[in-house]
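Architecture and fold: a report
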Amino acid sequence: MGAIYDKMYKESLSDPEKFWAEAATKVHWYHQWDKVLDVVNGHYRWFVGGCMNTCYNALDLHVDNGRGDQAALIYDSPVTDTKKTYTYAQLRDRVAKTAGILVNKGVVKGDRVVIYMPMIPEAVIAMLACARIGAIHSVVFGGFAAHELATRIDDAKPKVIMSASCGIEVSRVIHYKPLLDEAIKRSTHKPTCCIIHQRPQEIANMLPWRDVDWAEEEEKTAAVDCVPLDAIDPLYILYTSGTTGKPKGVIRSNGGHAVAMKWSMDNVYNAKAGDVFWAASDVGWVVGHSYIVYAPLMNGCTTIVYEGKPVRTPNPGAFWRVCEEHKVNILFSAPTAFRAIRKEDPNGEWVKKYDLSSVKGLFVAGERCDSPTLEWMKKVTGKEVTDHWWQTETGWAIAANPMGLDPMKVKPGSPTKPMPGFNLQALDADGKQCKPGVLGNLVLKLPLPPSCLMGVWEDDARYKRSYLDFYPGYYLTGDSGYIDKDGYVWVMGRMDGVINVAGHRLSTGEMEEIVAKHPDVAECAVIGVDDALKGEVPMGFAVLKEGIERDNQSLCEGIVQLVRDEIGAVASFRIVTIVSRLPKTRSGKILRGTMRSMADGKEWNMPSTIEDEDVLPEIQEAIKALGYPKKKEEA
Ligand code: COA
Ligand code: AMP
C-alpha cells in the first residue's frame, strides 16, 4: 500500500513533462502539442501547440467509437417528478444544435457566454455547446441573486446569456428570469441576446428585442460541428470568492483540463467507461463543472443531473434511492449533504431500504470532512469513503486517496496525500518549511499540474497578488494545514476571509461590503462560526451611525434581508447583532480571529495589540445573547 503511489508521485515531480505527456495520450487530439509545458511571465501553459476540442472528447468521440446508444446523462428531478435519459448520440445532437443557436446569434471563438441555470440537462447542454464552438462559458450558480449575477456579467462581458424561466428549491419556485432581467438592468455591460429555456412550471415574460425561446430556436437550427481549438484556449471562467467583495474569474484551459480530468477518473475515482458517476453537487460550482459535466462524459461514463436535495425531496433516503434506481457506481458529494442525511436518519434506517450493491465508493470534498460523519457514512453504507481536498483554482484534487491506482490506509480527517504534480508544502510565515505535524500555510511549488488556473480573467495583477506574490515560486492555496510524518495532508481552514457554508465558498469580506451598504450601518464585521450542519455559517456585527435610534430587531431583519437580496439565500446569513464598537488593533485591524474563538467556545487571549480592552467583554455578551458558543450536543 503506497509504493506505487510513491513512485508515481516522485516521477510526476522530477519530470512533470514526461508524466503529463504520457497521461495526455488518453485524450483525443487533432494535432499533438509542440511543447508539453511553457512558462511565460508567471503563467504556466500545458500542451502548447496542441489542438483538440473538449466537447468532441466528451461526446462525439464516444458516438464515433460505438457508445452512441449508451446513457450519457440521466436527469432525475424529485422536485418536478421527472426522469429522463439522454444517450450519447441524443446528447451530442442537442448540444450540436444548441451550438448552432449560439453561432446564429453571432457567438464566435473566445466570446463569453454566461449560463445561469438550475440543475436541468439544458445547463450541461449549454456548457458543452459553448465548448463545441470555443466560446468561453461562465456558469453562475443559480442560488446567487441579481447583484452577484450583475457583477459577473460586468466582469465576463458575455455576448449571450443562457438561462431558464425558473428553478425549484424543494417546493419553492425561484424566478430566474426576473432575477436575470434585474441583473442585466444593474450591469453596465449588456448581452446582445438571452436564450431562455421555458420550463412548464413557470413561463417567463420575454423581451422581444433581446430574448429568444431556446426550444423554438433549437427546432429550426442546424447542428454544427466541433471547432478545433488550441489546448491553451480558455474553456471556461468560473468565479470564486476571495478576500475582497469582487469575485475572481478563474480561467481554465481546454487541453490541460481534459488531461487532468481523464487522469483523475482512472486513478482517483477508479471510474471506468460505462460506469454511472454521480456528483451530487451543482453545475454552478467547480465540482459540477469537473465531475457532473466534463470528466464523466470524457470518460464514457453516465452522469446524473439531480435536481433535489439530500433530504426533504422527499426524505433522507433520496440519495440511496437514486443510487439503487440508476445503479450508481460512484457517489460524490459534500460532507454537509451527509450530515443533513445523518441528522434525519442517524441509524441509517433509510439506507437499509435500498440496494447499494452497485456502489463502488463514496467521495466527499468541498469542506473538511469531520470524522464522525465519515465513520457514519462507512458504517451505514458499508462502503469506502474517500475525502479529497481541492479548490476552484485547481479543478481537481490536490490531495486524495488514489482509489484506482493504489488505495492507501485512511486517516479520518485527512484527505490522504498530494496528487501527482502537486508539490505540496507547509510553510511558516518566513517561508521556511514546517516540520511534520506543524501547522503552516499550504502552498504548491510551481509549476502547477495541468487543469490549474491559467490566470484571473482580465486581472493579471490580482492573479499574482492573490496566488503568487506571497511566497515567490509557490502558489498560495489560501488554506492552512500540515503534513504529518507519514506524508498525509491535514487541511485545517482558510487563512483569508473565505468561509465554507454547506460546501459553498463565500467571502465574509463581500458580506461586510453588503452590510455596510445599509443606510443605518457605520461599520461592520462578518465572521464564520462553526455549525453542526453546514460546517460554517456567517455571523455579523454591525455598529450603527451616530444618532440612529431604531428597534434593533427590525434593523437586524433589514440587514439579513439585504444580504439575501444582494448575494442570495445561499449565503445563509441569518445571525447578526448590533454592537457599539468593534474590537480593533491599534493599527485599526478588526480582531475577527478573537471574535471567532469566542463564538466557537475556543480559548482566547486578550491581544496585546488591542486598541481598547473594554470592547471585548461587550462583544462576548453579544455573542452569548445570540446563543453562542453552542452547547456541545448542539455543535
Ligand atoms: N437556487 C436558489 N436558491 C438556492 C439554491 C439554488 N440553486 N441552492 C440553495 N438555495 C437556497 C436554499 O433554498 C436556502 O434558502 P432558504 O434560506 O430560503 O431556506 C438557502 O439557499 C440556503 O441553502 P443551503 O445552504 O443549501 O441550505 P438548505 O437548508 O436548503 O440545505 C443541505 C442544506 C445540507 C441539504 C444543502 O446545503 C446541500 O445539499 N448541500 C450539498 C452541498 C453541495 O452541493 N455543495 C457543492 C460543493 S460539492
Ligand atoms: P471551492 O473553491 O469552492 O471548491 O472551495 C475550496 C476550499 O474548500 C478549499 O480551499 C478548502 O478551504 C475547502 N475544502 C475543499 N475540500 C476540502 C477538504 N476535503 N478538506 C478540507 N477543506 C476542503
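Residues numbered from 1 in each chain as written. Chains lettered and ligands numbered in written order. Predicted model: local features only at pLDDT ≥ 70, side-chain atom pairs only at ≥ 80, totals over all residues. Heavy atoms only, no water.

A separate point is the pairing of strand β1 (residues 35–40). Direction of pairing for β1 relative to strand β2 (residues 43–48): antiparallel, over a ladder of five bridges. Bridging from a neighbouring strand, V39 pairs with Y44 of β2. Counted along the chain from β1 to the antiparallel partner β2, the turn is two residues long, and its residue N41 has a positive phi close to 50°. (Pairing = 2+ DSSP bridges. Helix = DSSP H or I, 4+ residues; strand = E, 2+ residues; numbered from the N terminus.)

In the vicinity of ligand 1 lie 25 residues, with E169, R172, K534, R564 and R574 positioned nearest. K309 is positioned with one of its side-chain polar atoms (N or O) 3.3 Å from an oxygen atom of ligand 1. For ligand 1, an oxygen atom lies 3.2 Å from a polar atom in the side chain of R312. Burial of ligand 1 by the surrounding chains reaches 86%, relative to a free accessible area of 930 Å². Broken down by secondary-structure element, the contributors of at least two residues to the shell around ligand 1 are β10 (172–174) and α12 (335–344). Split by residue class, the shell around ligand 1 holds 11 nonpolar, seven polar and seven charged. (Near = heavy atom within 4 Å. Polar contact = N/O pair within 3.5 Å; in protein donor to acceptor, adjacent residues only side chain to side chain. Areas by Shrake-Rupley, 256 points an atom, 1.4 Å probe, with all protein chains shown as cover. Nonpolar A, V, L, I, M, F, W, Y, C, P; charged D, E, K, R; others polar.)

What surrounds ligand 2 is a group of 15 residues, the closest being H388, T392, D479, R494 and R505. For ligand 2, an oxygen atom lies 2.5 Å from a polar atom in the side chain of D479. Computed on the free molecule, ligand 2 has an accessible area of 490 Å², of which 93% lies beneath the protein chains in the complex. Residue composition of the shell around ligand 2, by class: four nonpolar, five polar and six charged.

The subject of this paragraph is the sheet that holds strand β18 (residues 330–333). Taking strand neighbours across the sheet as the criterion, the seven strands line up as β5-β4-β17-β16-β18-β19-β20 in an open arrangement whose pairing is mixed. The open sheet has two edge strands, β5 (82–87) and β20 (385–387), and neither has a second partner. Within this sheet the neighbouring strands show an average axis-to-axis angle of 20°, counted without direction. Relative to strand β17 (residues 302–306), strand β16 (residues 276–279) runs parallel, the two being bridged by two bridges. Bridge pairing links F277 to T303 in β17. Its contacts with the sheet put helix α14 (residues 371–381) on β19 (361–364) and β20, and the angle it makes with β20 is roughly 155°. (Axes fitted to C-alpha atoms, helices over the stretch in contact; angles between N-to-C directions. Contact = heavy atoms within 4.5 Å.)

For the chain, the mean per-residue pLDDT works out to 96, and 99% of the residues sit at or above 70. Ranking the elements of the chain by mean pLDDT puts strand β29 (residues 504–507) last with 92 and helix α5 (residues 121–133) first with 99. (pLDDT = per-residue confidence, 0-100.)

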